[in-house]
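# Descriptive structure summary
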Amino acid sequence: MHDFLQSKNMEIEQLYTPLWQTLLPALVALVTVRWFYFKILRIAKAKNLVDSPDARKLQTEPVPVMGGIAVFFGVVCGVLVGSMLVDATCLLPAVLGMVVLLYFGAMDDIVGMSQLSRLVAETLVIIGLIFASGKCVDSLHGLWGINQLSWWMAVPLTVFACVGVINAMNMIDGVNGLSSGLCLTCAGLFGVVFLRQGDIANAMLAFAMMAALVPFLLHNVFGKSSRMFIGDAGTMIMGALMSWFMITLLSADGATIDNRLNPVALALAILALPVFDTLRVMMQRLLHGISPFRADKTHLHHAFIEVGMSHSITALSEIMIDALIVLCWFIAYRLGASVDAQFYIVFATAILFVWGTYALLWFGSKDNAWGRWLRTIMPHTHLGHTPWWLKIQAYMDAPETATPLTQRFRKQKFNQAENKK
């Protein structure tokens, strides 16, 4: 009897200890961002660190753009607390890489940087991650019969893939809640995978990022005077973190849940929407003879907005598309699909749901029966005038609405609008 109770206690300890080691840092990250958010918002307003509208942007007035700093501060505080509970030294390269890209992203938000400078910075950071951690995408885990890759092949492949992921996360940042909501979803999925693998340190980091994005996402979607964009600083650290998770998952010495699971297909499924949307946009630009890095209005979220969908429902729709692709992979995995078949299913469903949705919306933007039907239902997606939405908005804006700084900021925006007239 004593041995039975002891074994049960050990099982309970094995179950709950990893949960505390991941949930406590996540709670710290959430509370920290909630506390720090309005402080960084007031600094952004006082120093006029705003994203001003132009021909390709969807907002109609200047919005503070330092949200990435608040999110990063929350993640670091969460990891600091988590490092007291679990050995987190393996996360040092990831955190330092985020610091470097936060700096470059903040510089881009404040004074602007060339695309070449951004690419060089991203490349150097990824190379630093590889050699500091000793990890890279050096195995395809049985895909096409390939396992170990030489570092002569693995390092360029990792740099190319990770720089692509960072830029994909940056390029989808176009409507309220999209990039932060999608990163929150991806971080949560990676966190579950690492928790199943027994990689508590990376699970802790993933859930800390997920929790840190929650207060920002709520203000970004529901707030008015409290709204703040995450900026290039935020999208670059999110892209760096997604890249780190991809490297960790696909490295040859990474833990596996079982041999039937294809980590390449899983990572591609989690990041499918930003990756495949960016691929389509770049190919479309190249076919028209323009630079693939030239900003335009051809992303999937632009197509949703073109047919009249609201920002919040656009963000929710794209997150659901990404989740649907992950679900298709999971069903294939659970039904015993081979390693190759899992990859092909993810690739096909990503083409179908990401590219196919864009094609349907593009066709709907024309003067035809499909387009007219879309325009009759899309006004119902605009919820900003509904009583429940306004109540949430008032709650989110409450600490900020009465401050003299906010009143001055509103007056400044009014004067800018008058000068444009």
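Residues numbered from 1 in each chain as written. Predicted model: local features only at pLDDT ≥ 70, side-chain atom pairs only at ≥ 80, totals over all residues. Heavy atoms only, no water.

### With respect to the nonpolar core
Here is the rule we go by: Residues enter a nonpolar core if they are buried and are Ala, Val, Leu, Ile, Met, Phe, Trp, Tyr or Cys, with the set joined through side-chain atoms within 4.5 Å. In this scheme, a residue with accessible area under 20% of its type's maximum is buried, one over 50% is exposed, and one in between is partly exposed, where area comes from a 1.4 Å probe on protein chains only. Note on definitions: a residue-residue contact is assigned when non-hydrogen atoms from the two residues lie within 4.5 Å.
Core analysis: the largest hydrophobic core is formed by 122 residues, its most contacted members being Leu205, Met209, Met242 and Phe245. In this view, leucine 205 contacts Val75, Val79, Leu91, Ala94, Leu241, Trp244 and Phe245; residues no more than four positions away in its chain are not counted.

### Structural notes on the side chain of serine 317
This is how it is decided: To qualify as a helix, a DSSP run of H or I must reach at least 4 residues; to qualify as a strand, a run of E must reach at least 2; elements of each kind are numbered from the N terminus.
You can see serine 317 is positioned in helix H12 (residues 311–334). Judged by its relative accessible area of 18%, serine 317 falls in the buried class. If sequence neighbours within four positions are ignored, serine 317 has contacts with Phe304 and Met309.

### A few points about the packing of aromatic side chains
Heads up, the rule is: Classification of ring pairs uses Phe, Tyr and Trp, with its six-membered ring standing for Trp, and accepts pairs whose centres are within 6.5 Å; under 30 degrees between planes counts as stacked, over 60 as edge-to-face, and the remaining range as tilted. Criterion for a charge above a ring: Arg CZ or Lys NZ at most 6 Å from the ring centre, at most 35 degrees from the ring normal.
In this structure the tally under the stated criterion is 18 aromatic pairs. Centroid distance tryptophan 144 to phenylalanine 343: 5.4 Å. Interplanar angle 75°. Geometry classified as edge-to-face. Residue tryptophan 144 is located in the loop between helix H4 (115–133) and helix H5 (151–171), and its partner phenylalanine 343 is located in helix H13 (residues 339–364); the two are separated by 199 residues in the primary sequence. Given the relative accessible area of 45%, tryptophan 144 is considered partly exposed. Phenylalanine 343 gets classed as buried once you look at its relative accessible area, which sits at 14%. Aromatic side chains phenylalanine 276 and phenylalanine 347 sit 5.4 Å apart centroid to centroid with 75° between the ring planes, which places their arrangement in the edge-to-face category. One end of the pair, phenylalanine 276, is in helix H10 (residues 272–287); the other, phenylalanine 347, is in helix H13, with 71 residues separating them in the sequence. Residue classification places phenylalanine 276 among the buried residues on the basis of a relative accessible area of 2%. Accessibility expressed as a relative area gives 39% for phenylalanine 347, which makes it partly exposed. Through a chain of ring-to-ring contacts, the aromatic side chains of Trp144, Phe276, Phe343, Tyr344 and Phe347 assemble into a single cluster. A cation sits over an aromatic face here: arginine 280 above tyrosine 358, 3.6 Å from the ring centre.

### Details of the packing of H4 against helix H8 (residues 231–250)
Test applied: Structural elements are reduced to axes, namely lines fitted to C-alpha atoms, with helices fitted over the stretch in contact, and the angle between N-to-C directions of any two is expressed from 0 to 180 degrees. Each crossing gets its hand from how the near helix is turned against the far one by less than a right angle, where anticlockwise is left-handed and clockwise is right-handed. Lys, Arg, Asp and Glu make up the charged group, whereas Ala, Val, Leu, Ile, Met, Phe, Trp, Tyr, Cys and Pro make up the nonpolar group; the residues left over, Gly among them, are polar.
Axis separation between H4 and H8 bottoms out at 12 Å; the angle between their running directions is 35°. Two packed elements cross with a definite hand, and for H4 against H8 that hand is right-handed. Contacts from Arg118, Glu122, Ile126, Leu129 and Ser133 in H4 reach Asp232, Met236, Ser243 and Trp244 in H8. Among the residues making up the contact of H4 with H8, the classes are represented as four nonpolar, two polar and three charged.

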